[in-house]
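One letter stands for each residue in the lines below.
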Amino acid sequence: MEHKGKVIQSTGSWYKVAVESGEVIDCRLPGRFRLEDHQQTNPIAVGDNVRISMNEDGTGSIEYIEDRMNYVTRKATHGRRGEQIMAANIDRAFVIQSVRKPKLKEGFIDRFLVTCEAYEVSPFIIINKMDLARDKDLKFVDHLVHLYHDLGYNIITTSIQDENSINNLREELKNRTSVFIGPSGVGKTSLLNAMDPELELPIAAVSDYSKKGKHTTTYARLVQLHFGGYLVDTPGIREFGLVNIEPAELSLFFPEMLGPRQHCKYYNCTHSHEPNCGVMEAFERGEIDPGRYKSYLQILESLEESN
Ligand code: GDP
Ligand code: ZN
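Numbers given to residues run from 1 along each chain, matching the order in which its sequence is written. Chains and ligands are labelled sequentially in the order written, the chains with letters from A and the ligands with numbers from 1. For a predicted model such as this one, the threshold for reporting local features is a pLDDT of at least 70, and the threshold for listing and counting side-chain atom pairs is 80 or more; totals across whole chains, interfaces and linings nevertheless cover every residue. By convention in this description, side-chain values take in all heavy atoms of the structure and omit both hydrogens and water.

Caption draft 1: Representation of the pattern of salt bridges within the structure. The rule for a salt bridge is simple: a side-chain nitrogen of Lys or Arg has to be within 4 Å of a carboxyl oxygen of Asp or Glu. For the coordinates displayed, the defined rule picks out 11 salt bridges. A salt bridge links K16 to D26; the nearest nitrogen and oxygen atoms lie 2.9 Å apart. On the criterion of sequence distance, the pair formed by K16 in strand β2 (residues 15-19) and D26 in strand β3 (residues 24-28) is long-range, its members being 10 residues apart. Exposed residues in this analysis have more than 50% of their type's maximum accessible area, buried residues have under 20%, and partly exposed residues fall in between, with area computed by a 1.4 Å probe over protein chains only. Note on K16: relative accessible area 32%, which makes it partly exposed. Take D26: its relative accessible area is 32%, and that puts it in the partly exposed class. Here R221 ties to D233 by a salt bridge, and the two come within 3.1 Å at their closest N and O atoms. Of this pair, R221 sits in strand β12 (residues 221-224) while D233 is found in strand β13 (residues 230-233), placing the two residues 12 residues apart along the sequence. Under the relative-accessibility criterion, R221 is labelled partly exposed at 31%. For D233, a relative accessible area of 5% puts it in the buried group. Every helix listed is a DSSP run of H or I at least four residues long, and every strand listed is a run of E at least two residues long, numbered separately from the N terminus.

Caption draft 2: The arrangement of the pairing of strand β8 (residues 92-98) in detail. Taking burial as the measure, the seven residues of β8 include seven buried ones, the bulk of the element. With burial as the criterion, each face of β8 is covered, one bearing R92, F94, I96 and S98 and the other bearing A93, V95 and Q97. Each pair of strands is called paired provided DSSP finds at least two bridges between the two strands. Note that β8 and strand β11 (residues 177-181) share four bridges and pair parallel. Across the sheet, V95 pairs through a bridge with I181, a residue of β11. Here β8 pairs with strand β9 (residues 123-128) via six bridges, running parallel. Paired with S98 across the strands is N128, a residue of β9.

Caption draft 3: Seen up close, helix α2 (residues 135-150). For a helix, the expected span equals 1.5 Å multiplied by the number of residues minus one. With 16 residues, α2 should reach 22 Å at 1.5 Å per residue; the first-to-last C-alpha distance of 23 Å fits that figure. Buried within α2 we find D137, V141, L144, L147 and Y148. Each buried residue of α2 lies within a common arc of 125° when the element is viewed along its axis, so the set occupies one face. Residues of α2 that are exposed and angled more than 90 degrees away from the buried face: D135, K139, H149 and D150. Any two residues having at least one pair of non-hydrogen atoms within 4.5 Å are treated as being in contact. Contacts made by the buried residues of α2 are with α1 (106-119), β9, β10 (154-157) and α6 (290-306). Two residues or fewer after α2 comes G152, characterised by a positive phi angle close to 100°. Picture the helix axis, draw a direction to every C-beta atom, and the arc is the one those directions span.

Caption draft 4: Focus on the site of ligand 1. If a single non-hydrogen atom of a residue is within 4 Å of a molecule or strand, that residue counts as near it. Around ligand 1, the structure places 14 residues, and the nearest of them are D131, I160, G185, T189 and S190. Note that a nitrogen atom of ligand 1 is positioned 2.7 Å from one of the side-chain N or O atoms of D131. Nitrogen and oxygen atoms within 3.5 Å of one another constitute a polar contact, given that in protein one can donate a hydrogen and the other can accept it, and given that sequence-neighbouring residues count only through two side-chain atoms. In this structure, an oxygen atom belonging to ligand 1 sits 3.0 Å away from a main-chain N or O atom of G187. Here ligand 1 has 580 Å² of accessible area as a free molecule, and 69% of this is covered by the chains. A total of three residues in the shell around ligand 1 trace back to one element, the largest contributor, which is helix α4 (residues 188-195). All accessible areas in this document rest on Shrake-Rupley with a 1.4 Å probe, and a residue is counted as covered only by the protein chains that are shown.

Caption draft 5: Representation of the nonpolar core. Core analysis: the largest hydrophobic core is formed by 35 residues, its most contacted members being I90, I109, F112, L113, I125, I127 and Y148. Mapped onto this core, the elements with two or more residues apiece are β7 (83-88), β8, α1, β9, α2, β11 and β13. Among the elements that line this core, the one with the most residues is α1, at six residues. The start and end points of each domain follow an automatic or database-based domain assignment. If you count residues domain by domain, this core takes at least three from each of domain 1 (2-67) and domain 2 (72-233). If near-sequence neighbours (up to four positions away) are discounted, L113 is found in contact with P123, I125, Y148, Y153 and R292. Residue types Ala, Val, Leu, Ile, Met, Phe, Trp, Tyr and Cys, when buried and joined through side-chain atoms within 4.5 Å, form a set referred to as a nonpolar core. Of all hydrophobic cores here, the second largest spans 18 residues; its members include M280, I288, I299 and L303.

Caption draft 6: Looking closely at the coordination of the zinc ion (ligand 2). Any nitrogen, oxygen or sulfur atom within 2.8 Å of a metal ion counts as a donor, with the limit raised to 3.2 Å for Na, K and Ca, and since water is left out, coordination shells can look unfinished. Looking at the zinc ion (ligand 2), the protein donor atoms are C264 (SG), C269 (SG), H271 (ND1) and C277 (SG), and they sit 2.0 to 2.4 Å from it. Because the angles between the four donor atoms bound to the zinc ion (ligand 2) fall within 101 to 116°, the donor set is best described as tetrahedral. Within one chain, the residues donating to the zinc ion (ligand 2) are spaced in sequence as C-x4-C-x1-H-x5-C. Of the two residues, C264 is situated in the loop between β13 and α5 (278-284) and C277 in the loop between β13 and α5; the sequence distance between them amounts to 13 residues. Residue C264 shares its accessibility class with C277, and that shared class is buried. Any site counts as irregular unless it has four donors with all angles between 85 and 135 degrees, making it tetrahedral, or four or six donors with opposite ones more than 155 degrees apart and the rest between 65 and 115, making it square planar or octahedral.

Caption draft 7: Quick look at the packing of aromatic side chains. Ring pairs shown here join Phe, Tyr and Trp side chains whose ring centres sit within 6.5 Å, with only the six-membered ring taken for Trp; geometry is labelled stacked below 30 degrees between planes, edge-to-face above 60, and tilted in between. Applying the stated rule across the entire model yields five aromatic pairs. A ring pair is formed by F94 and F124, whose centres lie 5.0 Å apart and whose planes are at 45°; its orientation type is tilted. Separated by 30 residues along the polypeptide, F94 in strand β8 and F124 in strand β9 bring together distant segments of the chain. Classification of F94 by relative accessible area gives buried; the value is 0%. F124 sits in the buried class, given a relative accessible area of 2%. Here the aromatic rings of F254 and Y296 are separated by 5.4 Å at their centres, their planes lie at 85°, and the arrangement is edge-to-face.

What follows is the structure in structure tokens.
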């Protein structure tokens, strides 16, 4: 008999699969699956939806892997070629920034949004520590909320001292597979613990994506949330920030540039210095937010450096 389930942990040879009853079964992958895909070093990733058959000893065999809705990768480690899937079927990626302590960085949000667009993962912006906001912070946050909302992104404000905001956030994670991305100190651990006090929070789930961490040998996994849903806990998920995008393609990931870029003279316009650029003209007419355009130029520069 076959069961449907979700891979919640992977060691490379064994996979833990949570089946519909809630039970977790140790599974193996039959050899034939291993040869098929040369692009990725791991044929199965956490988050994969699979069908398994049960063996007599209580273990399972993975029989079928459903098509992935999306997946995030990093370059393969240990000198192997190709890329390694960090997690598949992510319903939501949350980016967390705090109003203060540490200071809110718009650039971090914009870089994250580009990555989400490139990976086709649905982004969600959280501005935390609202209790620390002063008058001018409130104005700025209000501006950001309108800006991102108008661009079509989800954005909410939270404080661990505001139960209402925690309840609202919980609803957004409920029954979904989520990942939390943000610099250290913004309150990722605090928010997760506030939403799910029974959570035995692993370190990697809240690791800082902007700092280069030490190599870690722990394996990718999904943490089951007690109110329903999963949290991606994968070492290296902080490298979520790195995606290969051609500089001339970057504006495809800025929704407000999609219209204006059609009026550029050059098909490979980078909207930074070229004459007759539709994006720069739209910016000058005040149709593109200065903070967003600044982020665009910063990301462009980093892409040009790495090319
Ligand atoms: P992480 O590194 O992103 O996981 O951040 P932590 O959850 O460890 O939080 C860093 C610090 O910020 C801790 O001292 C928290 O108590 C504090 N903190 C987290 N959320 C809030 C909040 O909403 N308001 C205030 N005032 N402090 C917060
Ligand atoms: Zn242009």
